[in-house]
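In case you want the letters, here they are:
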Amino acid sequence: MLDFTFYNPARIFFGRGSIGKIGTSIPFEACVMLIYGARSAKRFGVVDEVKQALPGRRVLEFGGVEPNPDYETLLEAIAPARRDRVDFLVGIGGGSVIDGAKFLAAAIPFDGDPASLLEDKGARIRQALPIGAVVTLPASGSEMNNRAILSRRALVIKKAIMNDHLFPRFAALDPEKTFTLPAKYIGNGVVDTFVHILEQYLTYPVGGHVQDRLAEGLMLSLVDNGPKALADPQNYELRANLMWAATLGLNGLIGAGVPQDWAAHRAGYELTALYGLDHAETLAILVPAMMKVRSDGKRIKLLQYAKRVWGLDDGDESIRMNAAIEQTRRFFERMGLSTRISDYRIDGFCVDRVIEQLEAHGMTALGEHGDLTLDQMRRVFEVCS
Ligand code: NZQ
Ligand code: ZN
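Residues numbered from 1 in each chain as written. Chains lettered and ligands numbered in written order. Predicted model: local features only at pLDDT ≥ 70, side-chain atom pairs only at ≥ 80, totals over all residues. Heavy atoms only, no water.

## As for the sheet that holds strand β1 (residues 11-14)
The parallel open sheet is built from 6 strands, whose spatial order is β1-β8-β5-β4-β2-β3. Where the open sheet ends on each side, the last strands, each with one partner, are β1 and β3 (58-62). For this sheet, the mean angle separating the axes of adjacent strands, direction not counted, is 20 degrees. By the bridge criterion, 4 bridges tie β1 to strand β8 (residues 170-173) in an arrangement that is parallel. Each bridged residue has a counterpart across the sheet, and for Phe 13 the counterpart in β8 is Ala 172. Lying on the sheet, helix α5 (residues 95-107) is in contact with β2 (31-36), β4 (88-93) and β5 (131-135); it crosses β4 at an angle near 165 degrees. Relative to β1, helix α8 (residues 236-249) is tilted by about 170 degrees, and along the sheet it contacts β1, β5 and β8. (Pairing = 2+ DSSP bridges. Helix = DSSP H or I, 4+ residues; strand = E, 2+ residues; numbered from the N terminus. Axes fitted to C-alpha atoms, helices over the stretch in contact; angles between N-to-C directions. Contact = heavy atoms within 4.5 Å.)

Below you can see the structure in the form of structure tokens.
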């Protein structure tokens, strides 16, 4: 196991009615800005429930954060927040809203060019307002990590920033708030969570037995509960387990002390920026193809994954590895996500354009060994076309 430092300041309120408890984490004298998406948080009463949990605070609202949150949209919140001296932000929604709240937490107190906060993967962030998260779509794990993924549609970029100032102080996880999700987003959430775990697991062994077993347990739980939740979406127990798995999948726990990959995510961001695909759709397309093209470098962990997650334990190694890749593909498809680019309505998909974007954004040596070249990425796109 590699040396590591683990830090996570988030307080978790989990379960029915957990939103009612968030007042204990927000000072009475706070001026709070509630940040949410286009309509679901308002329409399904979650914004009102948050307001009821904050008696005595001054509360402002900023709605309209779109999926794959855009820098230009978020800039509109800065002036009103500064004018009213907002000193606490609460994101109410999925990963897009929570990431938008994280960016604003850094941008509102910053007196320079907010675009510079997106440079150097967020390393220039020196301070941020305190943030809370109320999750309505379990997927990103943003509610308990220090990352945010921002888009600049005008520049056709989507990029990750990471900074310990961006950790939410608290997250309210009420599974009942996910009951209004369309099946599409239940599927997206399970696939995104599953791939977060794979990005931190399917690399090479470093003796992280605890991390491996935790990761395998989360994946087994998703394989068990994901399809059941599609069939029985109002089942609290199923939704509660999916919600907790999403949070644990990317809060630093299973990634501590082990090598991490993230090639599928980084290439996926380019597909979203260029073609508007949902984040999870890009992963469903890329991951089986990447597993195939990169199976040699992942052999030991791929065989462990085949055995411990899919029960594939006998026969020729390459047959087991291919069978595990196919099981993964079929699982994504059972969750409602196609795994081939040709299955999506992408006008004028062009591999050269994606490769150009990867190169332009410095994504020329991806993966846990930093050895995934643009030529291999081209091969990945051939496999998943
Ligand atoms: O905008 P509203 O009306 O709220 O509708 C949203 C949105 O259209 C809807 N929705 C959310 N909760 C709902 C609901 N509809 C009905 N009932 C509810 N309870 O769902 C749509 C999608 O929401 P979004 O937040 O975009 O989805 P998700 O949670 O999958 O987040 C995706 C974003 O997370 C980023 C992705 O890049 C993408 O931008 N990620 C963030 C990470 C992080 N911070 O660590 C890591 C992840 O890998 C990921 O990259
Ligand atoms: Zn993701």
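After that view, the rundown keeps rolling.
## Some remarks on the side chain of Glu 281
Its place among the elements puts Glu 281 in helix α10 (residues 279-293). Given a relative accessible area of 12%, Glu 281 falls into the buried group. Excluding its chain neighbours within four sequence positions, the residues that come into contact with Glu 281 are Lys 184, Leu 337 and Tyr 344. (Buried < 20%, exposed > 50% of the residue type's maximum accessible area, 1.4 Å probe, protein only.)

## A closer look at helix α11 (residues 299-310)
Compared with the 16 Å implied by 1.5 Å per residue over 12 residues, the 15 Å span of α11 between its first and last C-alpha is a close match. Of all the positions in α11, only Lys 301, Leu 302, Leu 303, Gln 304, Tyr 305, Ala 306, Val 309 and Trp 310 are classed as buried. Contacts made by the buried residues of α11 are with α6 (183-201), α7 (209-231), α10 and α12 (317-334). At the C-terminal side of α11, Gly 311 shows a positive phi close to 70 degrees. (Expected span 1.5 Å × (residues − 1).)

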